[in-house]
Amino acid sequence: MAWRDLRAFLDGLGSGLRRVAEPFSPRFEIAAALREARADAPALLFESVVGHPGWRVCGNLIANRERLARAFETTPAQLAEAYLQRRQQGIEPVGATQVPVKDVVVTQADDLTGLLPILTHHELDAAPYITTGVVLCREPGTGRRGMGIHRMQVHGPRRLGLFLANPPLTLFHAAAEARGEPLEVAVALGLEPAIVVASVCKVGPQVPDKMAIAGALRGEPVPMVPGETVAVEVPARAEVVIEGRVLPGVRQHEGPFGENTGAYFSADSAVIEVTAVTHRREPIYPGLTPWANDVDMLLWLAAGTEMLGQLRAHVAGVADLEIASGTAGFSMVIAVAGTSRSEVRRLIHLALAFDKRLKSVTVVDDDVDIRNPREVAWAMATRHRPAHDTIVITGTDAYVIDPSAAGAGQGSKIGFDATRGGGGAALDKARLEPQALAKARALLGDMMI
Ligand SMILES: Cc1cc2nc3c(=O)[nH]c(=O)nc-3n(C[C@H](O)[C@H](O)[C@H](O)COP(=O)(O)O)c2cc1C
């Protein structure tokens, strides 16, 4: 059975959730805690949010594979396969019978930051930013649903900057502007993790309904309800919804904001005029500090595992895929089993072409633990021959938030074949004797070292 909502997921975490009674401010303090929390730390629920009595802020929810697997009610070992298998289906959303997200409806002028504990993350950020807002809309003309996470800067009491760099929202916004019309949007905040993952899964411009993907990932349809002031449906069990209109032809400078790259990025972005806010009683605002563990896990499942499925359909022997943590999806390691050198080269080209974010891919054999950077470095040091096993691709589009390509428009990509490529015994790992290894592990495990 699927998690009913964010609250149900938090309640189900048990000792995997730490309640923080000490007052923490939405200005810098909560973001700092979420960034500093280790991947193996519990999820955090700040119960005393300075300036926002009655509100709570959560974060570090899916910071590691164990908790992400729990969100999908499976095991870490089976998570990628479960995602790929469920992702094949589609379970359409249904009309909601209960609508807690409308417990409180605010349509009169109200200061967004007075109402919601929107976090300010980094020292030089221009303003508070919404980082986990799932932006929902309908394509003008066709009515197809659009859905994705887009950063939003608080520009004023009822005005948000909206950074649009990815489809489908870029396409739907352009279509609305071509008609000279505003694009109605609803920003859902505080969703159970499967819906958040679906909102950022890599689907490209083909625009399937990500809410149906969300239903498939959770195994049950998402209950939806029409917005109060916009013709957009919203998840009935979200914690908060912000409704508004993206103004046609309007751009406003947005940023600087510390991005998922760990560097600041500014843009001239679209603008939302807010028309209503609805929320649950004792609401929980979702925090997510860029360049933190939650982002690594989101990208691994929604972009990396999505790509794993695609690559397997084209190259035999693709075993596993990992996104290097802290790289915003720019760097990836793929493990293969028995794949020839020429097929590894094709794999590298395919991977680099598939994802515009991806800048560097390293392919290793499946005797290398791709989740252990020391092992990947070992494969590069001992099996990779720089002059023969490196592919450089130039003249590609640079990904917009890549600081190394700032202003350039054009980027480049690199692939490393660090497989043994048919090489002989000299490339074998020097292994420990199995019985001695088992004995040593038992001893070290008992001693917790
Ligand atoms: C944490 C996070 C933040 C994101 N922020 C933005 C953003 O500000 N603007 C944007 O256009 N896309 C952003 N995205 C990407 C889209 O929400 C979505 O993942 C993407 O459109 C799907 O990949 P695709 O375009 O390759 O299909 C973000 C993704 C994640 C995981």
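Residue numbering note: each chain is counted from 1, following its sequence as written. Totals for whole chains, interfaces and linings use every residue, but because this is a predicted model, local features are given only for residues with pLDDT of at least 70 and side-chain atom pairs only at 80 or more, for both listing and counting. Remark: hydrogens and water are excluded; side-chain values derive from all non-hydrogen atoms of the structure.

Considering the overall build of the protein
Argument step 1. Helix and strand assignments follow DSSP, with helices taken as H or I runs no shorter than four residues and strands as E runs no shorter than two, numbered in order from the N terminus. What the protein contains, in helices and strands, is twelve helices and 22 strands.
Argument step 2. Our radius of gyration is a C-alpha quantity, and the globule rule it is checked against amounts to 2.2 Å times the number of residues to the power 0.38. What you see for the protein is a C-alpha radius of gyration of 23 Å, in line with the 22 Å of a compact globule of 449 residues.
Argument step 3. Overall size of the protein, expressed as C-alpha extent along the three principal axes, is 75 × 55 × 40 Å.
Argument step 4. When checking whether two residues touch, look at their non-hydrogen atoms; a contact exists if any pair is within 4.5 Å. Partitioning the contacts of the protein with sequence separation of at least 6, the portion at a separation of at least 24 is 71%.
Argument step 5. Each accessible area is a Shrake-Rupley result for a 1.4 Å probe, and residues are judged covered by the shown protein chains and nothing else. For the protein, the computed accessible surface area is about 19,000 Å², with 54% contributed by carbon and sulfur atoms.
Argument step 6. A residue counts as positive if it is Lys or Arg and as negative if it is Asp or Glu; His and the chain ends are not included. Positions of charges follow a simple convention, taking NZ of Lys, CZ of Arg, CG of Asp or CD of Glu. Side-chain charges in the protein split into 46 positive and 51 negative, and the spacing between the mean points of these groups amounts to 3 Å.

Details of a nonpolar patch on the surface
Argument step 1. There is a patch of nonpolar side chains on the surface, built from Leu443, Leu444 and Met447 and spanning about 280 Å² of accessible area.
Argument step 2. Relative to the assigned elements, Leu443 resides in helix α12 (residues 434-446).
Argument step 3. Taking the relative accessible area as the measure of exposure, Leu443 reaches 49% and is therefore partly exposed. Patch definition: residues above 30% relative accessible area lacking any salt bridge, with like charges linked at up to 9 Å and the nonpolar side chains Val, Leu, Ile, Met, Phe, Trp and Tyr linked at up to 5 Å. For this document, the term salt bridge refers to a Lys or Arg side-chain nitrogen within 4 Å of an Asp or Glu carboxyl oxygen. For every residue, the accessible area (1.4 Å probe, protein chains only) is compared with the maximum for its type, and the residue is labelled buried under 20%, exposed over 50%, or partly exposed between those bounds.

Some thoughts on the sheet that holds strand β4 (residues 94-95)
Argument step 1. By the convention used here, strands pair only if DSSP detects at least 2 bridges between them. Here we have three strands laid out as an open sheet, ordered β4-β12-β13, and mixed in their pairing. Since the sheet does not close on itself, it has two edges, and those belong to β4 and β13 (233-235), each with one partner.
Argument step 2. Sheet topology places strand β12 (residues 223-226) next to β13; three bridges connect them, and they run antiparallel. Residue pairing for β13: Met224 is matched across the bridge by Pro235.

As for the packing of helix α4 (residues 79-87) against helix α9 (residues 293-312)
Argument step 1. For helices, the fitted axis covers only the stretch in contact; all axes are lines through C-alpha atoms, and the angles between them, taken along N-to-C directions, range from 0 to 180 degrees. It is at 10 Å that the axes of α4 and α9 come closest, and there the two elements cross at 75°. In this view, α4 runs roughly perpendicular relative to α9, as classed from their interaxial angle. Only Trp300, Leu301, Ala302, Thr305, Glu306, Leu308, Gly309 and Arg312 of α9 make contact with α4, whose side of the interface consists of Leu79, Ala80, Glu81, Tyr83, Leu84 and Arg87.
Argument step 2. Of the residues assigned to the contact of α4 with α9, the class counts are eight nonpolar, two polar and four charged. Any angle from 65 to 115 degrees is called roughly perpendicular, while one under 35 is roughly parallel, one over 145 is roughly antiparallel, and all others are oblique. Any residue that is not Ala, Val, Leu, Ile, Met, Phe, Trp, Tyr, Cys, Pro, Asp, Glu, Lys or Arg is counted as polar, Gly included; the first ten are nonpolar and the last four charged.

A short note on the packing of aromatic side chains
Argument step 1. Aromatic contacts are taken between Phe, Tyr and Trp rings whose centres are within 6.5 Å, Trp giving its six-membered ring; a plane angle under 30 degrees counts as stacked, one over 60 as edge-to-face, and the others as tilted. Per the stated rule, a full pass over the model turns up five aromatic pairs.
Argument step 2. Relative to Phe9, the ring of Trp3 lies with its centre 5.6 Å away and its plane at 75°, an arrangement referred to as edge-to-face.
Argument step 3. Judged by its relative accessible area of 17%, Trp3 falls in the buried class.
Argument step 4. Taking relative accessible area as the criterion, Phe9 reaches 0% and is therefore assigned buried.
Argument step 5. For the pair Tyr129 and Phe257, a centre-to-centre distance of 3.9 Å together with 15° between the ring planes defines the contact as stacked. Taken together, the residues Tyr129 in strand β6 (residues 129-130) and Phe257 in strand β15 (residues 252-258) connect sequence positions 128 residues apart.
Argument step 6. In this arrangement the basic side chain of Arg65 is found over the ring face of Trp300, its NZ or CZ atom lying 4.1 Å from the centre.
Argument step 7. Our definition puts a charge over a ring when NZ of Lys or CZ of Arg is within 6 Å of the ring centre and also within 35 degrees of the ring normal. The ring of Phe354 carries Lys202 above its face, with NZ or CZ at 5.3 Å from the centroid.

Some thoughts on the site of the ligand
Argument step 1. The criterion for a residue being near a molecule or strand is simple. One of its heavy atoms has to lie within 4 Å of it. Lining the immediate surroundings of the ligand are 16 residues, of which Ile149, Arg151, Ala165, Lys202 and Gly204 lie closest.
Argument step 2. Here an oxygen atom of the ligand and a backbone polar atom of Arg151 are 2.7 Å apart.
Argument step 3. A distance of 3.1 Å separates an oxygen atom of the ligand from a polar backbone atom of Val203.
Argument step 4. Out of a free accessible area of 630 Å², the ligand has 94% covered by protein chains. What qualifies as a polar contact is a pair of N or O atoms within 3.5 Å, subject to a donor-acceptor requirement within protein and to the restriction that residues adjacent in sequence count only when both atoms come from side chains.

A short note on the domain arrangement of the protein
Argument step 1. Here the domain parsing of the protein yields domain 1 (6-293) and domain 2 (314-422).
Argument step 2. Taking only C-alpha atoms, the centre of domain 1 and the centre of domain 2 are 30 Å apart.
Argument step 3. Contacts between the two partners involve twelve residues from domain 1 and, on the opposite side, 13 residues from domain 2.
Argument step 4. In total, about 1,000 Å² of surface goes out of reach between domain 1 and domain 2, with carbon and sulfur atoms giving 60% of it.
Argument step 5. Of all residues in domain 1, Arg65, Lys202 and Thr261 give up the largest surface area on contact with domain 2, accounting jointly for 47% of the area buried on that side.
Argument step 6. At the boundary of domain 1 with domain 2, the tally comes to one salt bridge.
Argument step 7. The salt bridge involving Glu322 is made with Arg65; its shortest N-O contact spans 2.8 Å.
Argument step 8. Counting the contacts that link domain 1 with domain 2 gives four residue pairs in polar contact (both at pLDDT 80 or more). All domain edges in this entry derive from an automatic or database-based domain assignment. Here the buried area means the combined drop in accessible surface, using a 1.4 Å probe, for two parts upon being joined, counting both sides.

Some thoughts on the sheet that holds strand β17 (residues 284-286)
Argument step 1. An order of β1-β2-β3-β17 is seen for the four strands of this open sheet, with the pairing classed as mixed. The open sheet terminates on both sides in strands that have one partner only, identified here as β1 (17-20) and β17. Neighbour-to-neighbour, the strand axes of the sheet open up by a mean angle of 25°, direction not taken into account.
Argument step 2. Two strands pair when backbone bridges link them, and β1 and strand β2 (residues 43-46) are joined in this way by four bridges, in the parallel orientation. For Val20, the partnering residue across the bridge sits in β2 and is Phe46.
Argument step 3. Running at roughly 165° to β2, helix α2 (residues 29-36) makes contact with β2 and β3 (56-59) of the sheet.

A short note on the side chain of Thr339
Argument step 1. Considering the arrangement of structural elements, one finds Thr339 in the loop between β19 (331-336) and α10 (341-354).
Argument step 2. A polar contact of 3.1 Å, which involves the side chain of Thr339, links it to the backbone oxygen of Ala316.
Argument step 3. Setting aside anything within four residues of it in sequence, one finds Thr339 in contact with Val315, Ala316, Gly317 and Val344.

Regarding unusual backbone geometry
Across residues other than glycine, the phi torsion is negative in most instances, and most of the peptide bonds are trans.
Argument step 1. A cis amide bond links Pro167 with the next residue in sequence, Pro168, at an omega value of 5°.
Argument step 2. Here Pro168 is to be found in the loop between β10 (159-162) and α6 (169-178).
Argument step 3. At Phe28, a position not held by glycine, the phi torsion is positive, near 70°.
Argument step 4. Counting through the fold element by element, Phe28 comes out in the loop between β1 and α2.
Argument step 5. Taking the relative accessible area as the measure of exposure, Phe28 reaches 27% and is therefore partly exposed.

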